[in-house]
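Each chain, letter by letter, is given below.
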Amino acid sequence: MNDAIKERGLVLVCNAAGFVDRILRDDLGLGARIPPGTSFTHLVDHEAREKAQAFVAEMQLKHAAHDWEITVPLDAHLMPLHFSGARVDDGFLVVVASTRDDLHRINEELMRINNEQANALRMVAKDLALHARGNRALDDAAYEQLTRVNNELANLQRELAQKNAELQKLNETKNRFLGMAAHDLRSPLGVIMAYAQFLEAEATPVLSEEQREFVATIHRTSEFMLNLVTDLLDVSTIESGRLELQRAMIDVAALVERNVTLNRTLAARKRIAVDFVPSPVGPVQAELDANKIQQVLNNLLTNAVNYSHADTRVIVTLEASPESVTVSVRDQGQGIPAEELPKLFRPFGRTRVRGTAGEQSTGLGLAIARRIVEGHGGEIAVESQVGRGSEFRVILPRFTSALSR
């Protein structure tokens, strides 16, 4: 490739079944993990194997898969990398890059090289045709067929480049639209919810039972819609690559304890106790975005309360090592069937499990939490057993210097 290209990427060729044939480029140092003859899915994290298989299946079905984000072990950490693939001959060309921009640039470079190869093919075809005519070794029909095939190849390459550009623009437009719509809806929904809260608190004595039920319904519905548009705004920001982290040294124990205190009021309404078990080593400092991590913790605690029965406990623990901090949220709720666990961290991924008091879910909270955690260079995982509850664990590096090791 052109020496001017500095993006970190991996380019490989797989056969139709998804096994690696050869590696064309490896700036990420991942080639040793997938030597020729190895399944492409061995490249990714074990927890992401199912998503990698879905990526291969989409290439097999649609002959292309564009801009998938899959977690890969890289430099001793789990990192979300961007994947694209397209059918080439009897197999697939797969491109992996650190960022979406790198992915687009590497794809453009490959397309430029293909165009150069197509131009070389045209020159060879011309020379062969001239030679054939001079020696009468090939007839005019063969020459015309070769020219037609060559022209079709050039047209297909131009169409592919145009479609890729159109898809990128449409995706950017979609993210902007979601962001604007969510932003414009959030303020009026907040007003509706605030007035409903006021009526519930101040006007109850003068309202009939039916009217109080109407007000309660307005409050619940507006709160759900406000949470939904807030989540949509977060998703559009993250999907557009604009997740900005304001890192600073914080006391993680104080942050977790504050979030636990805020959620105890919600839990008390369902007679659920929320306990915090801090790290035995005392105060734990870490370089994190406090607001974003609080958003993650609030989502996990809210879910734990929503899906737990009355008279149970939610236990939040904090553990620390020199390199990382681990926060776990364990409930005694309904639990999640094993076959439905992969849905949890996908946008709009919902399981059959419902809130014990009829609570609604947007299906976006855990997907946003995963993006925030992975943006910090960490990981989020879950263990669950039906009838016994669930435990979510968030592991975060304590210092940004650990991300470059």
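Remember, predicted model here, so these are calculated numbers, not experimental data.

### Observations regarding the environment of valine 353
Within the secondary structure, valine 353 is located in the loop between strand S10 (324–331) and helix H7 (365–375). In this structure valine 353 comes out as buried when scored by relative accessible area, which is 12%. Considered as a pair, valine 353 and glutamate 340 are 13 residues apart in the sequence and their alpha carbons are 9.6 Å apart. Residues contacting valine 353, with those up to four places away along its chain left out, are Tyr307, Gln334, Gly335, Ile336 and Pro337.

### With respect to the pairing of strand S3 (residues 64–74)
Of all 11 residues that make up S3, eight are buried, and the element is covered over most of its length. Sheet topology places S3 next to strand S4 (residues 77–88); nine bridges connect them, and they run antiparallel. Within S4, the position partnered with valine 72 by the bridge is methionine 79. What sits between the antiparallel neighbours S3 and S4 is a turn of two residues, in which aspartate 75 has the positive phi angle 55°.

### A word on the sheet that holds S4
If you walk across this open sheet you meet the five strands as S2-S1-S5-S4-S3, and the pairing is antiparallel. Either end of the sheet is taken by a strand with one partner, and the two such strands are strand S2 (20–26) and S3. Ignoring strand direction, the axes of neighbouring strands in this sheet form an average angle of 25°. Sheet topology note: the strand S1 (residues 9–15)/strand S5 (residues 91–97) ladder contains seven bridges and is antiparallel. Note that in S5 the partner of glycine 9 across the bridge is alanine 97. Packed onto the sheet, helix H1 (residues 49–62) meets S3, S4 and S5 and runs at close to 160° relative to S3.

### With respect to the pairing of S4
In regular strands, side chains alternate between the two faces of the sheet. Of the pairings in the sheet, the one linking S4 to S5 comprises seven bridges and is antiparallel in character. Bridge pairing in S5 places alanine 86 opposite leucine 93. Between S4 and S5, which pair antiparallel and follow one another directly, the connecting turn spans two residues, one of which, aspartate 89, has a positive phi of 55°.

### Regarding the side chain of serine 328
Structurally, serine 328 is set in strand S10. Serine 328 gets classed as buried once you look at its relative accessible area, which sits at 3%. Here serine 328 is in contact with Ile315, Val316, Thr317, Glu391, Phe392 and Arg393, once residues within four sequence places are set aside.

### Focus on the packing of aromatic side chains
Throughout the structure, instances matching the rule amount to five aromatic pairs. Plain terms: the ring middles of phenylalanine 55 and tryptophan 68 are 5.7 Å apart, the flat faces sit at 70° to each other, and that makes the pair edge-to-face. Note that phenylalanine 55 is positioned in helix H1 and tryptophan 68 in strand S3, a separation of 13 residues in sequence. With a relative accessible area of 18%, tryptophan 68 lands in the buried category.

### Brief notes about the packing of helix H6 (residues 290–306) against H7
Remark: H6 packs on H7, axes separated minimally by 9 Å, with the N-to-C direction vectors making an angle of 145°. The crossing of H6 and H7 is left-handed. Mapping the contact onto sequence places Lys292, Gln295, Val296, Asn299, Leu300 and Asn303 in H6 and Gly365, Leu366, Ile368, Ala369, Ile372 and Val373 in H7. Of the residues that constitute the contact of H6 with H7, the class distribution is seven nonpolar, four polar and one charged.

### A short note on unusual backbone geometry
Negative phi values dominate among residues other than glycine, just as trans dominates among peptide bonds. Even without being a glycine, histidine 63 presents a positive backbone phi close to 65°. Mapped onto the secondary structure, histidine 63 falls in the loop between H1 and S3. With a relative accessible area of 43%, histidine 63 lands in the partly exposed category.

Cut-offs and rules
Residues numbered from 1 in each chain as written. Predicted model: local features only at pLDDT ≥ 70, side-chain atom pairs only at ≥ 80, totals over all residues. Heavy atoms only, no water. Helix = DSSP H or I, 4+ residues; strand = E, 2+ residues; numbered from the N terminus. Buried < 20%, exposed > 50% of the residue type's maximum accessible area, 1.4 Å probe, protein only. Contact = heavy atoms within 4.5 Å. Pairing = 2+ DSSP bridges. Axes fitted to C-alpha atoms, helices over the stretch in contact; angles between N-to-C directions. Phe/Tyr/Trp six-rings, centres within 6.5 Å; stacked < 30°, edge-to-face > 60°. Left-handed = near helix turned anticlockwise from the far one by under 90°. Nonpolar A, V, L, I, M, F, W, Y, C, P; charged D, E, K, R; others polar.

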